[in-house]
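# Geometric and topological summary
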Amino acid sequence: MPPHDLPPPPPWTIPNFVLRVEDLSHPGASIFFDCVKPKEALKLAVEASYTWLYTPLTAPTHVKTITLVLRPFNGVAYTFGTHETKEINFSLDWIKSSEARARDEILGVLVHEVVHCYQYNAEETCPGGLIEGIADFVRLHAGFAPPHWRPRAEGKWDAGYDATAYFLDWIEKRCGEGTIRRLNGSMKDSRYRVELFEKVTGESVSSLYALYCEHLEQTGKISHA
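Residues numbered from 1 in each chain as written. Predicted model: local features only at pLDDT ≥ 70, side-chain atom pairs only at ≥ 80, totals over all residues. Heavy atoms only, no water.

Here the focus is the packing of aromatic side chains. The geometry of an aromatic ring pair comes down to the distance between the two centres and the angle between the two planes. Taken as a whole, this structure holds 15 aromatic pairs when the rule is applied. On the numbers, 5.1 Å between centres and 85° between planes, the contact of Phe167 with Tyr209 is edge-to-face. Placement of the pair is Phe167 in helix 6 (residues 161–175) and Tyr209 in helix 9 (residues 205–219), with a sequence separation of 42 residues. Relative accessible area serves as the criterion here: at 10%, Tyr209 is assigned to the buried category. Among the aromatic residues, those joined into a cluster by ring pairs are Trp157, Phe167, Trp170, Phe197, Tyr209 and Tyr212. (Phe/Tyr/Trp six-rings, centres within 6.5 Å; stacked < 30°, edge-to-face > 60°. Helix = DSSP H or I, 4+ residues; strand = E, 2+ residues; numbered from the N terminus. Buried < 20%, exposed > 50% of the residue type's maximum accessible area, 1.4 Å probe, protein only.)

Okay, structure coming up:
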């Protein structure tokens, strides 16, 4: 008897996108629209978040609207919002300063910020460095790592951003594809405990980080911050 065909997995749930530009005369606005199509860029960022942190069966569907606000301010970008509505503020000044590689920088920042719309945070108890590291882990795997990013040994594993992203990437390679997806999933309904790493990987995070630093030393890829 031939096996039954399995139904296709459900498609990713794409939220509604809203764009607000607070200064169309700013050169960063022109660069943004010359480099990307807003709807396609945000859809790419959502799909990257789903791909590296979820499966079609586990992807959250609670985010109904993501608003992207382009305006001048110091810094790069930040995200806030409610369970269903998220707002990403993206600096036009930063976009202007990144003109030489604007497309990849715009897409990379959007991927990072959209991850914050979807990732689990252990009921708001997850260390900030791990939150930011997971966001940059997705950015790294989406192919938008800036040229200055390098694996490096910081004083602690959860220093955040690209430093932690490369550590998580090493864990993913060591323990198998989907490891960081499982780590994210473990923070859905419970408060953060450092033992979550051991539950997911079978090794403590301190042991993993010591092995990671040793790996960087042995391969000559280490860069001390």
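A separate point is the packing of helix 1 (residues 27–35) against helix 4 (residues 102–118). Describing two packed helices takes the angle between their axes plus the distance from one axis to the other. Running from amino to carboxyl end, helix 1 crosses helix 4 at an angle of 90°, the nearest separation of the two axes being 9 Å. With respect to their mutual orientation, helix 1 and helix 4 come out roughly perpendicular. Where helix 1 abuts helix 4, its residues Ile31, Phe32 and Cys35 lie against Ala102, Arg103 and Ile106. (Axes fitted to C-alpha atoms, helices over the stretch in contact; angles between N-to-C directions. Parallel < 35°, antiparallel > 145°, perpendicular 65-115°, else oblique. Contact = heavy atoms within 4.5 Å.)

Phe90, Tyr118, Leu130, Phe167, Leu168, Met187 and Phe197 are the most contacted members of the largest nonpolar core, which has 66 residues in total. Looking at this core element by element, the count peaks at 10 residues for helix 4. Setting aside its immediate chain neighbours within four residues, Met187 contacts Tyr120, Asn121, Ala122, Glu123, Cys126, Leu130, Ile134, Tyr192 and Leu196. (Core = buried A, V, L, I, M, F, W, Y, C linked by side-chain atoms within 4.5 Å.)

With that out of the way, let us pick up helix 4. The terminal C-alpha atoms of helix 4, which comprises 17 residues, lie 25 Å apart, in line with the 24 Å expected from a rise of 1.5 Å per residue. Summarising burial for helix 4: 14 of the 17 residues are buried, a large majority. (Expected span 1.5 Å × (residues − 1).)

Bringing the sheet that holds strand 1 (residues 16–21) into the picture now. Strand order in the open sheet formed by four strands is 1-2-4-3, with mixed pairing between adjacent strands. Each edge of the open sheet is held by one strand with a lone partner, namely strand 1 and strand 3 (77–81). Averaged over all adjacent pairs, the angle separating strand axes in this sheet is 20°, with direction ignored. Pairing between strand 3 and strand 4 (residues 85–91): five bridges, direction antiparallel. Paired with Ala77 across the two strands is Phe90, which belongs to strand 4. Helix 4 contacts strand 2 (65–71), strand 3 and strand 4 of the sheet and is inclined by roughly 150° relative to strand 4. (Pairing = 2+ DSSP bridges.)

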